[in-house]
Amino acid sequence: MKILVQKFGGTSVATPETRKQVIHHIKQALAEKYHLVVVVSAMGRNGAPYATDTLLSLVRENGGALAPREQDLLLSCGELISATTLSSQLATCGIASVVLTGGQAGIITNNQFTNAQIVKVNPKRIYEELKQGKVVIVTGFQGQTEDGEITTLGRGGSDTTATALGVALRAQYVDIFTDVEGVMTADPRIVEDATPLEQVTYYEMCNLAFEGAKVVHPRAIEIAMQTNIPVRIRSTMSDHFGTLVTNRSEQNELVGEIHDRLITGITQMASVTQIKIAVQQGQFDLHLKVFQKMADHGISVDFISVNPSEIAYTVKDDQAEQAAAILRDELGIEPLLHPNCAKVSTVGAGIAGIPGVMAKIVEALTEEDIQILQSADSHTTIWVLVKGEDMVKAVRALHRKFKLHQVNNH
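Residues numbered from 1 in each chain as written. Predicted model: local features only at pLDDT ≥ 70, side-chain atom pairs only at ≥ 80, totals over all residues. Heavy atoms only, no water.

Some details on the overall build of the chain
Thinking step 1. Along the backbone of the chain there are 12 helices and 18 strands.
Thinking step 2. With the C-alpha coordinates of the chain rotated into their principal frame, the extents come out at 70 × 55 × 35 Å.
Thinking step 3. The proportion of buried residues among the 410 residues of the chain is 51%.
Thinking step 4. When contacts within the chain are restricted to residue pairs at least 6 apart in sequence, those whose partners lie at least 24 apart make up 73%.
Thinking step 5. Carbon and sulfur atoms provide 50% of the accessible area of the chain, an area that totals close to 18500 Å².
Thinking step 6. In the chain, 36 side chains carry a positive charge and 45 a negative one; their mean positions are 6 Å apart. (Helix = DSSP H or I, 4+ residues; strand = E, 2+ residues; numbered from the N terminus. Buried < 20%, exposed > 50% of the residue type's maximum accessible area, 1.4 Å probe, protein only. Contact = heavy atoms within 4.5 Å. Areas by Shrake-Rupley, 256 points an atom, 1.4 Å probe, with all protein chains shown as cover. Lys, Arg positive; Asp, Glu negative; His and termini not counted. Charge placed at Lys NZ, Arg CZ, Asp CG, Glu CD.)

So, the pairing of strand β11 (residues 231–235)
Thinking step 1. Burial analysis of β11 places five of its five residues in the buried class, which makes it a mostly covered element.
Thinking step 2. Of the two faces of β11, the one lined by Val 231, Ile 233 and Ser 235 and the one lined by Arg 232 and Arg 234 are each fully buried.
Thinking step 3. The pairing of strand β9 (residues 173–178) with β11 spans five bridges and is parallel. Across the sheet, Phe 177 pairs through a bridge with Arg 234, a residue of β11.
Thinking step 4. Relative to strand β12 (residues 243–246), β11 runs antiparallel, the two being bridged by three bridges. Opposite Arg 232, over in β12, you have Leu 244 as the bridge partner. (Pairing = 2+ DSSP bridges.)

Quick notes on the nonpolar core
Thinking step 1. Grouped together as the largest cluster of nonpolar side chains are 36 residues, with contacts concentrated most on Val 37, Ile 126 and Met 205.
Thinking step 2. The element best represented in this core is helix α6 (residues 202–210), accounting for five residues.
Thinking step 3. Apart from the residues within four sequence positions on either side, Ile 126 is in contact with Val 37, Leu 100, Ala 105, Val 136, Val 138, Leu 165 and Leu 169.
Thinking step 4. Of all hydrophobic cores here, the second largest spans 24 residues; its members include Val 191, Val 357, Ile 361 and Ala 364. (Core = buried A, V, L, I, M, F, W, Y, C linked by side-chain atoms within 4.5 Å.)

Structural notes on the environment of Gln 112
Thinking step 1. Relative to the elements of secondary structure, Gln 112 occurs in the loop between β4 (107–109) and β5 (118–121).
Thinking step 2. Given a relative accessible area of 40%, Gln 112 falls into the partly exposed group.
Thinking step 3. Along the primary structure Gln 112 and Leu 153 are separated by 41 residues, whereas in three dimensions their C-alpha atoms are 8.9 Å apart.

A closer look at the packing of helix α11 (residues 357–367) against helix α12 (residues 391–401)
To characterise two packed helices, one gives the angle between the axes of the helices and the distance between these axes.
Thinking step 1. Contact geometry for α11 and α12: axes closest at 9 Å, N-to-C directions at 130°. By the angle between their directions, the pair α11 and α12 is classed as oblique. Of the two elements, α11 crosses α12, and the hand of that crossing is right-handed. Along the contact surface, α11 presents Lys 360, Ile 361, Glu 363, Ala 364, Leu 365 and Glu 367, while α12 presents Ala 394, Ala 397, Leu 398 and Lys 401.
Thinking step 2. Its residues assigned to classes, the contact of α11 with α12 shows six nonpolar, no polar and four charged. (Axes fitted to C-alpha atoms, helices over the stretch in contact; angles between N-to-C directions. Parallel < 35°, antiparallel > 145°, perpendicular 65-115°, else oblique. Left-handed = near helix turned anticlockwise from the far one by under 90°. Nonpolar A, V, L, I, M, F, W, Y, C, P; charged D, E, K, R; others polar.)

A short note on the side chain of Lys 401
Thinking step 1. As for its position among the elements, Lys 401 is in helix α12.
Thinking step 2. Polar contacts involving the side chain of Lys 401 include one to the side chain of Glu 367, which spans 3.5 Å.
Thinking step 3. Contact partners of Lys 401, with chain neighbours within four places excluded, come to Lys 360, Glu 363, Ala 364 and Glu 367. (Polar contact = N/O pair within 3.5 Å; in protein donor to acceptor, adjacent residues only side chain to side chain.)

Thoughts on the packing of α6 against helix α7 (residues 218–226)
Thinking step 1. Taken N-terminus to C-terminus, the directions of α6 and α7 make an angle of 165°; their axes are 9 Å apart at the nearest point. With respect to each other, α6 and α7 are oriented roughly antiparallel. Judged by the twist between their axes, the crossing of α6 over α7 is left-handed. On the side of α6, the interface is formed by Tyr 202, Tyr 203, Met 205, Cys 206, Ala 209 and Phe 210, while α7 contributes Pro 218, Ile 221, Glu 222, Ala 224 and Met 225.
Thinking step 2. Residue classes in the contact of α6 with α7 are distributed as 10 nonpolar, no polar and one charged.

Thoughts on the packing of aromatic side chains
Thinking step 1. The final tally for this structure, using the stated rule, is two aromatic pairs.
Thinking step 2. Considering the side-chain rings of Phe 8 and Phe 177, the 4.7 Å spacing of their centres and the 10° angle between planes classify their relative orientation as stacked. Taken together, the residues span a long stretch of sequence, with Phe 8 in strand β1 (residues 3–8) and Phe 177 in strand β9 at a distance of 169 residues. Each of the two residues, Phe 8 as well as Phe 177, counts as buried.
Thinking step 3. Ring geometry for Phe 291 and Tyr 313: centres 5.3 Å apart, planes at 65°, overall edge-to-face. Of this pair, Phe 291 sits in helix α9 (residues 286–296) while Tyr 313 sits in strand β15 (residues 310–316); the two residues are 22 residues apart in sequence, bridging distant segments of the chain. Here Phe 291 matches Tyr 313 in class, with each residue buried. (Phe/Tyr/Trp six-rings, centres within 6.5 Å; stacked < 30°, edge-to-face > 60°.)

Points about the side chain of Ser 41
Thinking step 1. Here Ser 41 is to be found in the loop between β2 (35–40) and α2 (52–61).
Thinking step 2. Residues in contact with Ser 41, not counting those within four places in the same chain, are Lys 7, Phe 8, Gly 9, Gly 10, Val 13, Glu 79, Ser 82 and Ser 158.

Topic: helix α1 (residues 16–31)
Structurally, the α-helix is built with 3.6 residues per turn, so residues lying three or four positions apart point the same way.
Thinking step 1. Between its first and last C-alpha atoms α1 spans 22 Å; for 16 residues at 1.5 Å apiece the expected length is 22 Å, and the two agree.
Thinking step 2. The complete set of buried residues in α1 reads Thr 18, Arg 19, Val 22, Ile 23, His 25, Ile 26 and Ala 29. Taken end-on, α1 shows its buried residues confined to a sector of 160°, consistent with a single buried face. Turned more than 90 degrees off the buried face of α1, the exposed positions are Glu 17, Lys 20 and Ala 31.
Thinking step 3. On its buried side, α1 packs onto β1, β2, α3 (68–92), β6 (135–139), β9 and β11. (Expected span 1.5 Å × (residues − 1). Arc of directions from axis to C-beta.)

Quick look at the structure:
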């Protein structure tokens, strides 16, 4: 069975006009003889009446004391409204469809309400409906436990739903439709000559997404990567092919031999605070105590650097004072805080084993009088921490240094 999974985000299903574009893409897929599964998010963004954040605001306005189980029941309503509305519009076009909740679609999760993990997917019901010639519309962002409790999957949950179903159904592609043409070499709001990318690897996309690119959730890409299901990131308002996310060998097979580019893109994450702690001689277990305390209080840490004389890491700006108070009150440590920093990431599968990349990064930033507060690297990414006021200048300088406006997609 030739199956395509399409996922449409909140802005794609927000209005009758955008839903017409959704139906256009559905019709195209049916014309190409695909059996079609459509995953939808709740309509619109915060402020829209049925958006997830709007539903959450109902809880906050009424004291915020709703238990996680009941919160998931509330939040699951947004996708149901979206799915049934789309089904109604398809019916007026003569297209048969059926709406399935995440649980009815076979998405089984653990019982971690509000941020559940998918345990398994049983697509039997979806196959049955597809064999009857129906478009199967699945509510994104949700599943159910083995004992029938409704759960939600946390941020990016609809992307995760789509790729999990793509894997279970052995889909030809998973198309993630959003409000941009695909993945760019940098944020076009910062870099005017940012260039669309025709293809990226799973690893590159995960790193771009983790480090600030918002077009797709990294967890969704990680799921697709497990069985090499190709993902296309596309614009709802366009017929453009978008960006293909797959592994390197699959790229060569699908779109021809591609240029082995060094750098794929530059991304950024603002509003982080650097925390530095001096380590005295003999305090070999201090790093364990520090990070255990952060974990105990639910503070996520990033950009970790540990050496015999110093511990450095970052937290979000809005958690910095809490983190500092924990260090003072519970460990007797006076940390040095550097607030309003930004993490700028240079991502590319071609980085591994290539000398001189860090030198070019340092050169680009030095030419713009940008101070590097901290750095780290992996086989696909080099990160630098800079002052928040230097973030835009740093992204532009790196994009220019690596000539990403001239990126060769082929």
